[in-house]
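Take a look at the letters that make up each chain.
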Amino acid sequence: MAEWEREEISGRIAASIPVRAKLGKPLGGQAPFGYSWKNKQFVINESESPIRKLMYEIFLRTLRKKTTADELNRLGHRTRKGVLFSDTTVTRLLKDTNAKGERIANYTKTSGDGRRATLKPKSEWTITKCPQIVSKKTWEKVNRILAIQESRSARLGRKSEYLLSGFVKCSCSKKMYIRTSLKAYQCRSCNIKIAVVDIEKIFYDYLSECMNSHYLARQVKNTEGILQKKQLLLEETMNEKLNLEATMDSFIAMRMDGGITRENFIENLHSLNTKLA
Ligand SMILES: [Zn+2]
């Protein structure tokens, strides 16, 4: 067959696809898990559809794709090919709109080599009604949760990779942006680049210096506090000692004057001495 003939034929097939899809006719290829083609009709697969339904129920209970896959496998369910469910398979099936009764067809085209499928513009897609496996409400709820989880993990992923993104500034005071391909921060106006590893090292060193000096400052302050308290205590003790000595002096003077008895004097002297010791 000549090259131009092949192109002509595949072109004609391509042109007929949207029409066939609109009529709900099979376009070739297998029906998704939970459905079958029967006499060119897209119908519920009685053995698979309960598993497809269970998938939504488990996900709504656990909110985890991996846990949902594990639970299905644990219950003994397998894919059409007889292999274990993976979180990727579960996610793809949870997202597939046919479960809520909307079958999208004609949304991919196969590239020249016939292997890679690419997405067609949305205007070319055809949506036909099909039997539901779950309610529209259930489907929307599950897919809202999936969307939130995916946007969250995408944000966290970026953050953990470049911990300083959004904080690095160039000497010209403009913000520096990550150039992922270079693994560097770049100033768009001066074109200055700094490797991510370098800037993180600088930041790390600076941070540990700050923490060290902060730690030392606190230690010094603590020590100063203790020293001050001890000094006060020492002063108090010295004062007390002086007072006691003064008291003793006055006792001695009183005794010499004959103001107190010998017994009284000895008793007082004894108690003063124990206090001074
Ligand atoms: Zn700059």
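The preceding data block contains the structure.
None of the values given here were measured: they were computed from a predicted structure. (Residues numbered from 1 in each chain as written. Predicted model: local features only at pLDDT ≥ 70, side-chain atom pairs only at ≥ 80, totals over all residues. Heavy atoms only, no water.)

Tetrahedral coordination by four donors puts the ideal angle at the metal at 109.5 degrees, and octahedral coordination by six puts it at 90 or 180 degrees. Surrounding the zinc ion are the protein donor atoms Cys170 (SG), Cys172 (SG), Cys187 (SG) and Cys190 (SG), which sit 2.0 to 2.3 Å from the metal. Taken together, the four donor atoms coordinating the zinc ion span angles of 107 to 118° at the metal, a pattern that classifies the geometry as tetrahedral. Expressed as a motif, the donor residue spacing for the zinc ion is C-x1-C-x14-C-x2-C. Accessibility expressed as a relative area gives 7% for Cys170, which makes it buried. (Donors = N, O, S within 2.8 Å, 3.2 Å for Na, K, Ca; no water. Tetrahedral: all angles 85-135°; square planar, octahedral: opposite > 155°, others 65-115°. Buried < 20%, exposed > 50% of the residue type's maximum accessible area, 1.4 Å probe, protein only.)

Bringing the pattern of salt bridges into the picture now. For the structure on display, the rule yields ten salt bridges. The partner of Lys66 in a salt bridge is Asp70, with the nearest N and O atoms 3.0 Å apart. Taken together, the positions of Lys66 and Asp70, both in helix H3 (residues 65-74) and four residues apart, correspond to about one turn of that helix. Taking relative accessible area as the criterion, Lys66 reaches 47% and is therefore assigned partly exposed. Residue classification places Asp70 among the partly exposed residues on the basis of a relative accessible area of 38%. For Lys95, the salt bridge is made with Glu150, and the minimal N-O distance between the two is 3.1 Å. (Salt bridge = Lys/Arg side-chain N within 4 Å of Asp/Glu carboxyl O. Helix = DSSP H or I, 4+ residues; strand = E, 2+ residues; numbered from the N terminus.)

Here we come to the nonpolar core. Counting residues in each nonpolar core, the largest one holds 22 residues, and the members touching the most others are Met55, Tyr56, Leu72, Phe85, Val90 and Leu94. With five residues, helix H2 (residues 49-62) is the largest single contributor of residues to this core. Apart from the residues within four sequence positions on either side, Met55 is in contact with Thr68, Leu72, Phe85, Val90, Leu93 and Leu94. Ranked by size, the runner-up nonpolar core spans nine residues in total, among them Val168, Tyr185, Val196 and Ile199. (Core = buried A, V, L, I, M, F, W, Y, C linked by side-chain atoms within 4.5 Å. Contact = heavy atoms within 4.5 Å.)

Let's shift gears to helix H6 (residues 196-257). Spanning 62 residues, H6 covers 90 Å between terminal C-alpha atoms, matching the ideal 92 Å at 1.5 Å per step. Those residues of H6 not exposed but buried are Val196, Ile199, Leu244, Met248 and Phe251. Positive phi appears at Gly258, one or two residues downstream of H6, with a value of about 80°. (Expected span 1.5 Å × (residues − 1).)

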